[in-house]
Amino acid sequence: MDKKNVLITGSSRGIGRACALAFAGAGWHVFINCRKSLEKLRDVENEILASGGTCTPVPGDVSDPDEVRRIFKIVENTCGGLDALVNNAGIAWFGLLTDMSDEDWRTVTDTNLSSVFYCCRAAVPYMVSRKSGRIINISSMWGTAGASCEAAYSASKSGVHGLTRALAKELAPSNIQVNSIACGVIDTEMNARLDEEERRMLAEEVPAGRFGAPEEAARLALMLAGAPSYLTGQIIGLDGGFL
Ligand code: NDP
C-alpha cells in the first residue's frame with residue numbers, strides 16, 4: 001500500500017524534528033523543512049533513512065509565499081499532494097512591545113501565522129479533491145493566555161487558534177480536520193536563552209514540575225493524524241497543567 005505523505009515545517013530540530021521522526025517511524029513519507037539549519041536537516045534525513053523510513057528535504061522559508069509555492073511544487077511532483085500538514089515552524093521574540101521594530105513584528109507574525117495560511121492554502125485543494133486530510137498546527141498556551149514581553153508571539157499564536165477554528169468549520173464538509181496543539185514549555189532550543197536558575201524556577205511554575213519533551217508533542221501530533229474525524233476545530237493544551 002502507498003505511504004501517506006506529510007509535510008512538517010521547521011523540522012530540523014526541536015518539536016518539528018521529533019514529529020518528523022515519529023511520523024517516519026509510523027510509516028509516513030515525510031517532507032522535512034527548515035530555513036537556515038540545513039546541516040541539521042540533513043542529520044534528520046539521515047536519521048530517518050537509517051531507521052528504514054523515507055523522507056524528502058524541502059528547505060525554504062515558509063514565511064515567504066513564493067517559497068511555499070516552490071515547496072508545494074516539489075510535493076506535487078513527488079506524490080500529488082499531502083495527506084497531512086503539520087505547521088510547526090515558529091520563532092520567539094522576547095522584549096517590551098515598545099522596543100519592537102516594524103520589521104521584528106512582521107518577522108514574528110509572518111513566520112508564526114502567515115506561514116500557516118500559506119501552507120494551508122497550498123495543501124487544501126488536493127485534500128478537498130480526496131475528501132480527506134489532516135492539518136495540525138503547533139501553537140502555544142500563550143496564544144490562549146498571553147505572555148508578558150511576548151506580545152507579538154502571543155498575538156501570532158492567538159491568530160493560529162482563530163485560523164484553526166475557522167478553517168475547521170470551512171473544511172469539515174470536505175472531511176478535513178484542523179486542530180492545534182497549544183504547547184506549554186517544551187525543552188527545545190527555543191528556550192536556550194534561559195539559564196539554569198531560570199529553568200528551575202519556570203519548571204516549578206508548571207504543575208507537572210518539569211518541561212515537556214518534544215517527543216510528547218510529536219506523539220500527540222501523530223495521534224491527531226489518526227484521531228476520529230469528528231475531532232476538529234480544537235485547541236488542545238499540552239502544558240503539564242500550566243493553564
Ligand atoms: P526550535 O527553535 O527548536 O525549532 C524551530 C524550527 O522552525 C527550526 O527547524 C527552524 O529552522 C524552523 N524555522 C523557523 N523559521 C522558519 C521559517 N521561516 N521557515 C522554515 N522553517 C523555519 O523551536 P521549537 O521546536 O521549540 O518550536 C516549534 C514550534 O513549537 C514553534 O511554532 C513554537 O512556537 C512552538 N512552541 C514551542 C514551545 C517551546 O517551549 N519550545 C512552546 C510553545 C509553542 P531554521 O532555524 O533553520 O529556520
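Computed from a predicted structure; not experimentally measured.

Oppositely charged side chains are able to pair whenever their charged atoms sit close together. In the structure shown here, the tally under the stated rule is 11 salt bridges. A salt bridge links Glu197 to Arg200, with the nearest nitrogen and oxygen atoms 2.8 Å apart. Of the two residues, Glu197 and Arg200 are both situated in helix H7 (residues 196-205); the distance of 3 residues between them amounts to about one turn of the helix. On the basis of relative accessibility, which here comes to 40%, the residue Glu197 falls in the partly exposed class. With a relative accessible area of 43%, Arg200 lands in the partly exposed category. Between Glu204 and Arg200 there is a salt bridge, and its shortest N-O distance comes to 2.7 Å. You can see Glu204 and its partner Arg200 sitting in helix H7, 4 residues apart, about one turn around the helix. Salt bridges linked by common partners bring Arg13, Lys40 and Glu189 together as one network.

The environment of the ligand is made up of 32 residues, and the closest members are Lys36, Ser37, Asn88, Tyr153 and Thr188. Here an oxygen atom of the ligand sits 2.7 Å away from a polar atom, N or O, in the side chain of Ser12. At 2.8 Å from a nitrogen atom of the ligand is found a side-chain nitrogen or oxygen belonging to Asp61. Relative to its unbound accessible area of 900 Å², the ligand is 96% covered by the protein chains. When contributions to the shell around the ligand are tallied by element, the ones reaching two or more residues are helix H1 (14-25), strand E5 (133-140) and helix H6 (151-171). For the shell around the ligand, the element with the most residues is E5, which contributes 3 residues. Taken together, the residues of the shell around the ligand sort by class into 11 nonpolar, 15 polar and 6 charged.

What follows covers unusual backbone geometry. Among all residues save glycine, negative phi is the norm, and among peptide bonds the norm is trans. A positive phi angle, near 65°, is found at Cys149, a position not held by glycine. Relative to the helices and strands, Cys149 resides in the loop between helix H5 (142-145) and H6. Judged by its relative accessible area of 35%, Cys149 falls in the partly exposed class. The backbone of Asn175 shows a phi angle near 60°, a positive value even though the residue is not glycine.

The rules behind each value
Residues numbered from 1 in each chain as written. Predicted model: local features only at pLDDT ≥ 70, side-chain atom pairs only at ≥ 80, totals over all residues. Heavy atoms only, no water. Salt bridge = Lys/Arg side-chain N within 4 Å of Asp/Glu carboxyl O. Helix = DSSP H or I, 4+ residues; strand = E, 2+ residues; numbered from the N terminus. Buried < 20%, exposed > 50% of the residue type's maximum accessible area, 1.4 Å probe, protein only. Near = heavy atom within 4 Å. Polar contact = N/O pair within 3.5 Å; in protein donor to acceptor, adjacent residues only side chain to side chain. Areas by Shrake-Rupley, 256 points an atom, 1.4 Å probe, with all protein chains shown as cover. Nonpolar A, V, L, I, M, F, W, Y, C, P; charged D, E, K, R; others polar.

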